[in-house]
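# Coordinate inspection notes
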Amino acid sequence: MTLTPFDDLPDRAVRVRAPGKVNLSLRVGPRERDGYHQVVTVFQAVSVYEEVVATPADVFGVSASGPQADAVPTDESNLALRAARAVAERAGVDDAVHLHLVKGVPVAGGMAGGSADAAAALVACDAFWGTGLSRDDLLELAAELGSDVPFSLVGHTAVGQGRGHLLTPALSRGEFHWAFAVQDRGLSTAAVYEAYDGLCTQVEPLGDEEDVPLMQALLAGDAAALGAALHNDLESAAIELDPGLTEPLAVATDAGALGVVVSGSGPTVAALARSRQHALAVAAAFTAAGVADRVLTASGPVPGARVVAGE
Ligand SMILES: C[C@](O)(CO)[C@H](O)COP(=O)(O)OP(=O)(O)OC[C@H]1O[C@@H](n2ccc(N)nc2=O)[C@H](O)[C@@H]1O
Ligand SMILES: Nc1ncnc2c1ncn2[C@@H]1O[C@H](COP(=O)(O)OP(=O)(O)OP(=O)(O)O)[C@@H](O)[C@H]1O
């Protein structure tokens, strides 16, 4: 089945939309005994979306469409399918469901596409089966599926701590405009954290005081101050694995971006622009310089996973 956002929904179908994210700041502490690093991060949800359409089926299944759909696993490792099974188990549901993913977020791009699928699938299956799980239930299932999944559920702007899964909403005024340089080649999140360990011999435990200027910029809706405060501890590790990333970073700076940063574990490069128009100009500069396989523009913050049709 190949559904586009404009198709009519089949009977009983539920359609849910969930956003991608940018880490405005990502500070990485030591690796803990569970294999995960302590992080303090400020997430912003942006208007690049995944859609998940849940339809009746005799057996659990998943399919995908979109620019990089071939790179999405459709076996039991698929995060959306795992989310569906988690809802069924938690709520004691015996029925199956088919999930179709309309992928708009880059795959393995550092913008939490798989996490958005998982969050959307949690919301879709809850609505599809009428399980009535609480927000806390969904957040708990989300955290078991991946560190970024709770934020995909919540959206807007939030500070993530622990593995990134413990969220506190953050105040943000106005709308910020972004241009993204997307690469066909993905980066493995685990490999980037491993490269980070190799680069940093001594990692200090984390405080959150470094992000005060960033939080003030968000509160004031001051895009120039936000641009100056963007920060990603994983950036040098991502560049070590993919040295070509220095090119889109330089192109965005030359095009007058207020700030530019590797998004999460990369390789997508996120450039903060002065306006929607300027974001289009930065995207055009990426294309003209040949430093991106694809470009996107978006704004943020936007809400987390929510039903858009069929409930
Ligand atoms: C880079 C970020 O996107 C920033 O928000 C996240 O930290 C990654 O979140 P994610 O993709 O949901 O990652 P998970 O699926 O939870 O973990 C994938 C792998 O990344 C590494 N990982 C992830 C999160 C974290 N706080 N420390 C880690 O070391 C671990 O090796 C883990 O096995
Ligand atoms: N529904 C899914 N969509 C995309 N990838 C998935 C999905 N389920 C599992 N995966 C696997 O997860 C890997 C990471 O994909 P994803 O698009 O979530 O990366 P990411 O955006 O870099 O993640 P993050 O920003 O959260 O670190 C893929 O290479 C793929 O093997």
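By the naming in an unreviewed UniProt entry, the chain is 4-diphosphocytidyl-2-C-methyl-D-erythritol kinase, taken from Cellulomonas wangsupingiae. In its Sequence similarities (unreviewed entry) section, the UniProt record describing the chain reads: "Belongs to the GHMP kinase family. IspE subfamily."

## Regarding the sheet that holds strand S11 (residues 294-300)
In spatial order, the strands read S9-S10-S7-S11; together these 4 strands make up an open sheet with antiparallel pairing. The open sheet terminates on both sides in strands that have one partner only, identified here as strand S9 (259-262) and S11. Neighbour to neighbour, the strand axes of the sheet diverge by 25° on average, direction disregarded. Here strand S7 (residues 176-182) pairs with strand S10 (residues 269-273) via 5 bridges, running antiparallel. Paired with Phe 180 across the strands is Ala 270, a residue of S10. Lying over the sheet, helix H9 (residues 246-254) contacts S7, S9 and S10, oriented at roughly 5° with respect to S10. The strands that helix H10 (residues 276-289) touches are S7, S10 and S11; relative to S7, the one it contacts most, it runs at about 15°.

## Points about the site of ligand 2
The immediate surroundings of ligand 2 are formed by 22 residues, with Leu 79, Ala 112, Gly 113, Gly 114 and Asp 117 found nearest. Going through the elements one at a time, helix H1 (79-91) and helix H2 (113-129) are the ones with two or more residues in the shell around ligand 2. Considering every element that reaches the shell around ligand 2, the biggest residue donor is H2, with 4 residues. Of the residues assigned to the shell around ligand 2, the class counts are 9 nonpolar, 11 polar and 2 charged. Each of domain 1 (14-170) and domain 2 (176-300) accounts for three or more of the residues forming the shell around ligand 2.

## A short note on H10
End to end, H10 covers 20 Å across 14 residues, agreeing with the expected 20 Å (1.5 Å per residue, within 8%). Within the sequence span of H10, burial applies to His 278, Ala 279, Val 282, Ala 283, Ala 285 and Phe 286. Along the long axis of H10, the arc covered by the buried residues comes to 155°, so they all point the same way. Away from the buried face of H10 by more than 90 degrees, exposed residues Gln 277 and Ala 288 are located. On its buried face, H10 is in contact with S7, H9, S10 and S11. After H10 finishes, the residue Gly 290 shows a positive phi value of roughly 65°.

## A word on the site of ligand 1
Taken together, 19 residues form the shell around ligand 1, and within it His 37, Gly 146, Ser 147, Asp 148 and Gly 264 come nearest. Mapped by element, the contributors of at least two residues to the shell around ligand 1 are strand S1 (14-31), strand S2 (37-57) and helix H5 (189-199). The residue makeup of the shell around ligand 1, split by class, is 6 nonpolar, 11 polar and 2 charged.

## A short note on the nonpolar core
In globular proteins that are soluble, nonpolar side chains generally tend to be buried together. Of all hydrophobic cores here, the largest spans 105 residues; its most connected members are Leu 122 and Trp 178. Shared between two domains, this core takes at least three residues from each, and those domains are domain 1 (14-170) and domain 2 (176-300). Apart from the residues lying within four places of it in its own chain, the contact partners of Leu 122 are Ala 83, Val 87, Leu 138, Leu 141, Ala 142 and Leu 153.

## Considering the UniProt feature "domain: GHMP kinase N-terminal" (unreviewed entry) in the chain
The UniProt record marks residues 78-155 with the feature "domain: GHMP kinase N-terminal" (unreviewed entry), using the residue numbering of this structure. Taken end to end, residues 78-155 comprises 60% helix and 10% strand; its first and last C-alpha atoms sit 21 Å apart.

## Observations regarding the UniProt feature "active site" (unreviewed entry) in the chain
In this structure's numbering, the residues bearing the UniProt feature "active site" (unreviewed entry) are Lys 21 and Asp 148. The annotated residues occupy 128 residues of the chain but converge on a single region, no pair of C-alpha atoms lying more than 9.1 Å apart. One can find Lys 21 in strand S1. Relative to the elements of secondary structure, Asp 148 occurs in the loop between helix H3 (135-145) and helix H4 (149-154). Leaving out residues up to four positions away in the same chain, Asp 148 has contacts with Lys 21, Ala 112, Ser 115 and Gly 164.

Conventions adopted
Residues numbered from 1 in each chain as written. Chains lettered and ligands numbered in written order. Predicted model: local features only at pLDDT ≥ 70, side-chain atom pairs only at ≥ 80, totals over all residues. UniProt positions renumbered as here; feature names shortened; annotations may be inferred. Pairing = 2+ DSSP bridges. Helix = DSSP H or I, 4+ residues; strand = E, 2+ residues; numbered from the N terminus. Axes fitted to C-alpha atoms, helices over the stretch in contact; angles between N-to-C directions. Contact = placed C-beta atoms within 7 Å. Near = placed C-beta within 6 Å. Nonpolar A, V, L, I, M, F, W, Y, C, P; charged D, E, K, R; others polar. Domains from an automatic or database assignment. Expected span 1.5 Å × (residues − 1). Buried ≥ 20, exposed ≤ 12 C-beta atoms within 10 Å, placed from the backbone. Arc of directions from axis to C-beta. Core = buried A, V, L, I, M, F, W, Y, C linked by C-beta atoms within 7 Å.

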